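One letter stands for each residue in the lines below.
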2 protein chains.
Amino acid sequence: MLPIESPRQRRKEARPAELLAAALEMFVEKGFAATRLDDVAKRAGVSKGTLYLYFDSKDALFKAVIQEGIVPVLQQGAGMVERHTGSSADLLRDLIAAWWQLIGNTHLGGVPKLMISEAGNFPEIATYYYENVILRGRDLMRRTLQRGIDQGEFRALNIEQAIDVIFAPVLMMAIWRHSLGACGCGQHDPESYFATHLDMMLCGIAHPSATVQPDGMHS
Amino acid sequence: MLPIESPRQRRKEARPAELLAAALEMFVEKGFAATRLDDVAKRAGVSKGTLYLYFDSKDALFKAVIQEGIVPVLQQGAGMVERHTGSSADLLRDLIAAWWQLIGNTHLGGVPKLMISEAGNFPEIATYYYENVILRGRDLMRRTLQRGIDQGEFRALNIEQAIDVIFAPVLMMAIWRHSLGACGCGQHDPESYFATHLDMMLCGIAHPSATVQPDGMHS
DNA sequence: CTATAATGACTGACCAGTCAGTTATTAAGC
DNA sequence: GCTTAATAACTGACTGGTCAGTCATTATAG
């Protein structure tokens, strides 16, 4: 973004950042198929011809939106787990808060919905997303949970399944915002919702005095 | 719907059940916009012209898929909460198991993904879905949780938020199956996944001996 | 004047929706 | 039973509109 070495004037600043931003917004809002490239170009303030100077096709634009949108952010936040020194519960809190701050609460928060909607039509991009985004994110969660178990802070449970159970409410919050939440349907306050979420994950919902049978047998 | 007064023989049984089923499958698989009505008709074994004998438009077909697909099933399972006599934890288990059995694990399991994808393009249907499906489902959950709290089995917590926290992993399981899960990406075994889920919800992940501060303060 | 960037009218493929025509089913006449 | 008439069910070629992708032209910079 910053001018690199032209003394008085950039020749052309246009890396297609506005185009990617406009495309992300419209893909999230209307879906891939229902988005017209004329509209994307118009929202970015250029013509459709210009769009085709930077992207070979609508598919290529979609791919670029996914790749250049999420992957850098995810890499950026990767060191958090190693650096952390406090309790694992706090690390879990921090991870979720960071995800919400950097992704969920920005335009990128629409990407999960977009990938869910279009995975079937773009298996190649879905695979890319799975390997470069989902697996990496799961890895952060896995290390956090393993850390908690090793330190005796968490119970030993099926980590792979726990990852999804813990992250699902966070994901759904972002997905909801970009789907039915945008139609005037109810919506929680994120801060307070995540607090309840963590509370439930760490303590469960059972009353402390009640004896609970975890795996389905009656008392 | 039932034959009114033909003594020995129905004239024609064809309510367009095959068309609705075919449309549901293809909408879930490819998305609304990317689904061609020629293909829907072909999958149902009729011509496109026949499809238009029963549905006024592609939009009307979509609406029918949502309405006639989910609402009856939801109504059918509504009495479960009243009839239940055991512990509230078991009721929660039963509700989730029933949802998975009747919706998640059938073709209807694709409807949540479909609504998420298309809510923006069909606000009217999204509102219908919210009021007739989501709110009703939340109501079952609410009564279950309230029951548990009243009986001292569950802690008092924010019920509205707890509903979503508890149901999100179940929903995500169904959504995953119809999006990235269909692209060869990993997938949990539902039975075992829901067991872990309930275990976590009821007991939390914290080790019993660890002192946990539920709401974000350090120890 | 040359080179580069940007444009927007144009084209061809695609597909929702239509409708004149075909086939299947039932009823009527004998 | 057999033939014909009447109606219902279904078909698929066609049309009109939409939109991804192209490219000859225009604008701008040096």
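Predicted model, so just to flag it, every value in this text is computed and none were measured.

The rules behind the values
- Residues numbered from 1 in each chain as written.
- Chains lettered and ligands numbered in written order.
- Predicted model: local features only at pLDDT ≥ 70, side-chain atom pairs only at ≥ 80, totals over all residues.
- Heavy atoms only, no water.
- Near = heavy atom within 4 Å.
- Polar contact = N/O pair within 3.5 Å; in protein donor to acceptor, adjacent residues only side chain to side chain.
- Helix = DSSP H or I, 4+ residues; strand = E, 2+ residues; numbered from the N terminus.
- Salt bridge = Lys/Arg side-chain N within 4 Å of Asp/Glu carboxyl O.
- Buried < 20%, exposed > 50% of the residue type's maximum accessible area, 1.4 Å probe, protein only.
- Phe/Tyr/Trp six-rings, centres within 6.5 Å; stacked < 30°, edge-to-face > 60°.
- Least-squares fit on C-alpha atoms with pLDDT ≥ 70 in both.
- Contact = heavy atoms within 4.5 Å.
- Axes fitted to C-alpha atoms, helices over the stretch in contact; angles between N-to-C directions.
- Parallel < 35°, antiparallel > 145°, perpendicular 65-115°, else oblique.
- Left-handed = near helix turned anticlockwise from the far one by under 90°.
- Nonpolar A, V, L, I, M, F, W, Y, C, P; charged D, E, K, R; others polar.
- Expected span 1.5 Å × (residues − 1).
- Core = buried A, V, L, I, M, F, W, Y, C linked by side-chain atoms within 4.5 Å.

S.K.: Explanation requested: the protein's contact with DNA strand C in the structure shown.
M.R.: Around DNA strand C, 14 residues are found, and the nearest of them are A:Ser47, A:Thr50, B:Lys48, B:Tyr52 and B:Lys58. By atom count, sugar and phosphate contribute 67% of the portion of DNA strand C lying within 4 Å of the protein. Between DNA strand C and A:Tyr54, the relevant distance is 3.2 Å, taken from a phosphate oxygen to a side-chain nitrogen or oxygen of the residue. B:Leu37 places a main-chain nitrogen or oxygen 3.0 Å from a phosphate oxygen of DNA strand C. At the level of elements, α3 (48–54) of chain A together with α3 (48–54) of chain B are the ones that each hand at least two residues to the surface near DNA strand C.

S.K.: Please clarify how the pattern of salt bridges should be interpreted in this entry.
M.R.: Think of it this way: side chains of opposite charge can pair up when their charged atoms draw near. Within this structure, the stated rule accounts for 26 salt bridges over all chains. A salt bridge links A:Asp39 to A:Arg36; its shortest N-O distance comes to 2.8 Å. Exposure remark for A:Asp39: the relative accessible area of 19% places this residue in the buried category. One salt bridge connects B:Arg142 with B:Asp139, and the closest N-O pair in it is separated by 3.0 Å.

S.K.: How should I be thinking about the packing of aromatic side chains in this particular structure?
M.R.: For any pair of aromatic rings, the description consists of the separation of the ring centres together with the inter-plane angle of the planes. Tallying each qualifying case throughout the model produces 20 aromatic pairs over all chains. Judged by centre distance (5.8 Å) and plane angle (50°), the ring pair of A:Tyr193 and A:Phe194 falls under tilted. For the pair formed by A:Tyr193 and A:Phe194, the shared burial category is buried. Centroid distance B:Phe27 to B:Phe62: 5.7 Å. Interplanar angle 65°. Geometry classified as edge-to-face. Of this pair, B:Phe27 sits in helix α1 (residues 17–30) while B:Phe62 sits in helix α4 (residues 58–76), placing them 35 residues apart in sequence. A relative accessible area of 0% means that B:Phe62 is categorised as buried.

S.K.: Just to check I follow, could you spell out the protein's contact with DNA strand D for this structure?
M.R.: Taken together, 15 residues lie around DNA strand D, and A:Lys48, A:Tyr52, A:Lys58, B:Ser47 and B:Thr50 are the ones closest in. Atoms of DNA strand D within 4 Å of the protein belong to the sugar or the phosphate in 67% of instances, the rest to bases. Between DNA strand D and the protein, one listed contact pairs a phosphate oxygen with a side-chain N or O atom of A:Arg36 at 3.4 Å. A:Leu37 is positioned with one of its backbone polar atoms (N or O) 3.0 Å from a phosphate oxygen of DNA strand D. Sorting the residues of the surface near DNA strand D by element identifies α3 of chain A together with α3 of chain B as the ones contributing at least two each. In terms of residue count, α3(B) provides more of the surface near DNA strand D than any other element does, four residues in total.

S.K.: Would you explain the relation of the copies chain B and chain A in this entry?
M.R.: Between the two copies of the chain lies a rotation about an axis combined with a shift along it. Least-squares fitting of chain B to chain A yields an RMSD of 0.0 Å, with the transformation described by 0.0 Å of translation along the axis and a rotation of 180°. Taken together, the rotation and translation describe the operation of a two-fold axis. Proximity to the rotation axis, assessed at the C-alpha, singles out B:Gly204 in chain B; its C-alpha lies 1.9 Å from the axis. Most of the interface of chain B is mirrored in chain A, where 100% of its interface residues are also at the interface.

S.K.: What's the story with the packing of helix α8 (residues 123–150) of chain A against helix α9 (residues 159–177) of chain A in this structure? I'm lost.
M.R.: Any two packed helices are characterised by how steeply their axes cross, that is the angle between the axes, and by the distance between the axes. Residue and element names in this part refer to chain A. At a minimum axis separation of 10 Å, α8 and α9 run at an interaxial angle of 115°. Regarding the angle of α8 to α9, the classification is roughly perpendicular. Where α8 crosses over α9, the handedness of that crossing is right-handed. Two secondary-structure elements touch here, α8 through Arg-138, Met-141, Arg-142, Leu-145, Gln-146 and Ile-149 and α9 through Ile-159, Glu-160, Ala-162, Ile-163, Asp-164, Ile-166 and Phe-167. Classifying every residue of the contact of α8 with α9 by side-chain character gives eight nonpolar, one polar and four charged.

S.K.: Is there a simple way to explain α8(A) in this structure?
M.R.: In an α-helix, one full turn covers 3.6 residues, which means residues spaced three or four apart are oriented alike. Look at α8(A): 37 Å from first C-alpha to last across 28 residues, which is about the 40 Å you get at 1.5 Å a residue. Within two residues after α8(A), A:Gly152 carries a phi angle of roughly 75°, on the positive side.

S.K.: It is not clear to me how the nonpolar core should be interpreted in this structure. Could you clarify?
M.R.: For soluble globular proteins, nonpolar side chains are generally found buried alongside one another. Within the largest apolar cluster, 150 residues are counted, with the highest numbers of intra-cluster contacts made by A:Leu61 and B:Leu61. Apart from the residues within four sequence positions on either side, B:Leu61 is in contact with B:Leu20, B:Ala23, B:Phe27, B:Leu37, B:Val40, B:Leu51 and B:Phe55.

S.K.: Just to check I follow, could you spell out the environment of A:Ser47 for this structure?
M.R.: Position of A:Ser47 relative to the elements: it lies in the loop between α2 (37–44) and α3. Here the alpha-carbon distance between A:Ser47 and A:Leu37, two residues ten residues apart in the chain, equals 9.3 Å.

S.K.: Would you mind showing me how to read the packing of α9(A) against helix α10 (residues 190–203) of chain A here?
M.R.: Residue and element names in this part refer to chain A. At a minimum axis distance of 10 Å, the contact between α9 and α10 shows a crossing angle of 160°. With respect to α10, the element α9 is oriented roughly antiparallel. You can see that α9 and α10 cross each other, and the crossing is right-handed. Where α9 approaches α10, its residues Val-165, Ile-166, Pro-169, Val-170, Met-173 and Arg-177 are matched on the opposing element by Pro-190, Tyr-193, Phe-194, His-197 and Met-201. Grouping the constituent residues of the contact of α9 with α10 by class yields nine nonpolar, one polar and one charged.

It is worth stressing that arrangement in space is one thing and function is another; only the former is reported here.
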